[in-house]
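Each chain, written out:
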Amino acid sequence: MRKYLLPICFPVLFALIISFVFAFQVSAFDKTDFEKAKDSNADLSNADLSGADLYEANLSGADLSGADLIGADLIGANLSDAYLFGADLYGADLREANLSGAKLIYANLSGAKLTYANLSGADLVGANLSGTDLVGANLSGAELYEADLVGADLIGADLIYANLSGADLSNAYLYEADLRDVDLSGTDLRGANLTQVKYLSINELSEAKTLYEAKLDSELKKQVKDKYPHLLKKPEY
């Protein structure tokens with residue numbers, strides 16, 4: 001009987017050993033190597049970091065392309081020059097994080113907290129920033145071409161030299177934001193709150209796709225009515 005059981009038991013035992021080793025490796029990554037990964041130039045592409053505690057972590061230059069960072073704690077983290085192409089940062093907490101020069105092309109930042117974050121020079125082409133908290137954020141020189149900023153909170157944000165061409169800023173809140181030399185060509189600003197914005201000129205506004213139902217200071221609105229009344233009309237699309 002034993003000679004028949006041995007050929008059967010050995011593969012089962014071997015499979016159990018492999019499963020145990022694999023489980024140990026995963027556990028070890030989660031608890032030990034994960035701490036080492038919180039370092040600059042780390043390769044974390046496609047990693048599952050959802051809900052991870054990365055408070056003030058140094059991830060400068062790290063490769064986080066395609067990573068799952070949903071709900072992650074990245075408060076005060078250094079992500080300067082990090083590569084986050086297509087990363088999912090839905091609901092992540094990035095307050096006061098440094099994302100200067102970061103590549104966030106087509107990244108999902110919907111509902112994320114980016115209060116006072118540094119996104120200067122960041123590449124956010126096609127990124128989803130709908131409903132994102134960007135109060136006081138530094139977006140100077142940021143590339144936001146065709147980005148989704150629907151309903152985003154940009155109170156007091158620095159958008160100097162930012163490229164917002166083709167971006168959707170409908171119903172966004174830009175109260176007291178600095179829009180000096182910003183590119184608004186083809187930008188959807190319907191319903192956006194543009195009251196008390198700084199350094200916004202009629203020339204820049206004239207390039208917008210629409211200003212239908214946008215909130216403007218009286219003087220600026222008068223200029224739009226006089227020179228570009230079509231921008232205040234309901235768009236056909």
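These numbers come from a predicted model, not from an experiment. Starting from 1, residues in each chain are numbered consecutively following that chain's sequence as written. Two thresholds apply to this predicted model, a pLDDT of at least 70 for residue-level local features and 80 or more for giving and counting side-chain atom pairs, whereas whole-chain, interface and lining totals are computed over all residues. As a rule here, side-chain values cover all heavy atoms of the structure and leave hydrogens and water aside.

**A word on the overall build of the protein chain**
Each helix corresponds to a stretch of at least 4 residues labelled H or I by DSSP, and each strand to a stretch of at least 2 residues labelled E; elements are numbered beginning at the N terminus. Of regular secondary structure, the protein chain possesses three helices and zero strands. Note on classification: 1.4 Å probe, protein chains only; a residue is buried when its accessible area is under 20% of the maximum for its type, exposed when over 50%, partly exposed between these limits. When the 237 residues of the protein chain are sorted by exposure, 43% land in the buried category. The contacts in the protein chain between residues at least 6 apart in sequence include a share of 3% that link residues at least 24 apart. For the protein chain, the exposed area adds up to about 12,100 Å²; of that, 53% sits on carbon and sulfur atoms. Here, residues are in contact when the closest pair of their heavy atoms is within 4.5 Å. Surface accessibility in these figures is a Shrake-Rupley result with a 1.4 Å probe; residues are shielded only by whichever protein chains are displayed.

**Examining the side chain of Asp-123**
Mapped onto the elements of the fold, Asp-123 is located in the loop between helix H1 (2–37) and helix H2 (202–205). Asp and Glu are treated as the negative residues and Lys and Arg as the positive ones, with His and the ends of the chain left uncounted. Put simply, a salt bridge is a Lys or Arg side-chain nitrogen that is within 4 Å of an Asp or Glu carboxyl oxygen. Buried within the structure, Asp-123 lacks any salt-bridge partner; Lys-103 is the closest side chain of opposite charge, at an N-O distance of 4.9 Å. Looking at Asp-123, its side chain comes within polar contact range of the main-chain nitrogen of Val-125, at 3.3 Å. Sequence-distant contacts of Asp-123, that is, excluding residues within four places in its chain, are made with Ala-102, Lys-103, Leu-104, Ile-105 and Glu-143. We define a polar contact as two N or O atoms separated by no more than 3.5 Å, with the added condition that, inside protein, one atom must be a possible hydrogen donor and the other a possible acceptor, whereas residues neighbouring each other in sequence contribute only through side-chain atom pairs.

**With respect to the nonpolar core**
The nonpolar side chains of a soluble globular protein tend to be buried with one another. Grouping buried Ala, Val, Leu, Ile, Met, Phe, Trp, Tyr and Cys residues that are joined through side-chain atoms within 4.5 Å yields what is termed a nonpolar core. Grouped together as the largest cluster of nonpolar side chains are 71 residues, with contacts concentrated most on Leu-124, Leu-174 and Leu-194. Listed by contribution, the elements that provide at least two residues to this core are H2 and helix H3 (218–227). The contact partners of Leu-174, leaving out residues within four places of it in the chain, are Leu-154, Leu-159, Leu-179, Leu-189, Ala-192, Asn-193, Leu-194, Thr-195 and Val-197.

**Focus: the packing of aromatic side chains**
Where two aromatic rings form a pair, the distance of their centres and the angle of their planes describe that pair. Aromatic pairing here means that ring centres of Phe, Tyr or Trp (its six-membered ring) are within 6.5 Å. Orientation follows from the plane angle: under 30 degrees is stacked, over 60 is edge-to-face, and everything else is tilted. One pass over the structure, following the stated rule, counts three aromatic pairs. Between Tyr-83 and Phe-85 the ring centres are 6.3 Å apart and the planes differ by 10°, which places this aromatic pair in the stacked class. On the numbers, 6.4 Å between centres and 20° between planes, the contact of Tyr-173 with Tyr-175 is stacked. Taken together, Tyr-83, Phe-85 and Tyr-106 form an aromatic cluster joined through their ring pairs. A cation sits over an aromatic face here: Arg-180 above Tyr-199, 4.1 Å from the ring centre. Consider the ring centre and the ring normal. A charge sits over the ring if Lys NZ or Arg CZ is within 6 Å of that centre and within 35 degrees of that normal.

**Structural notes on the environment of Asp-63**
With respect to the secondary-structure elements, Asp-63 resides in the loop between H1 and H2. Taking the C-alpha atoms as reference points, Asp-63 and Leu-84, separated by 21 residues in sequence, lie 6.7 Å from one another.

**Some remarks on unusual backbone geometry**
The phi angle at Glu-146 is positive, at roughly 55°, despite the residue not being glycine. Here Glu-146 is to be found in the loop between H1 and H2. Backbone geometry at Gln-196 places phi at a positive 60°, although glycine is not the residue there. Among the secondary structure elements, Gln-196 is positioned in the loop between H1 and H2.

Just distances and angles here, no functional claims.
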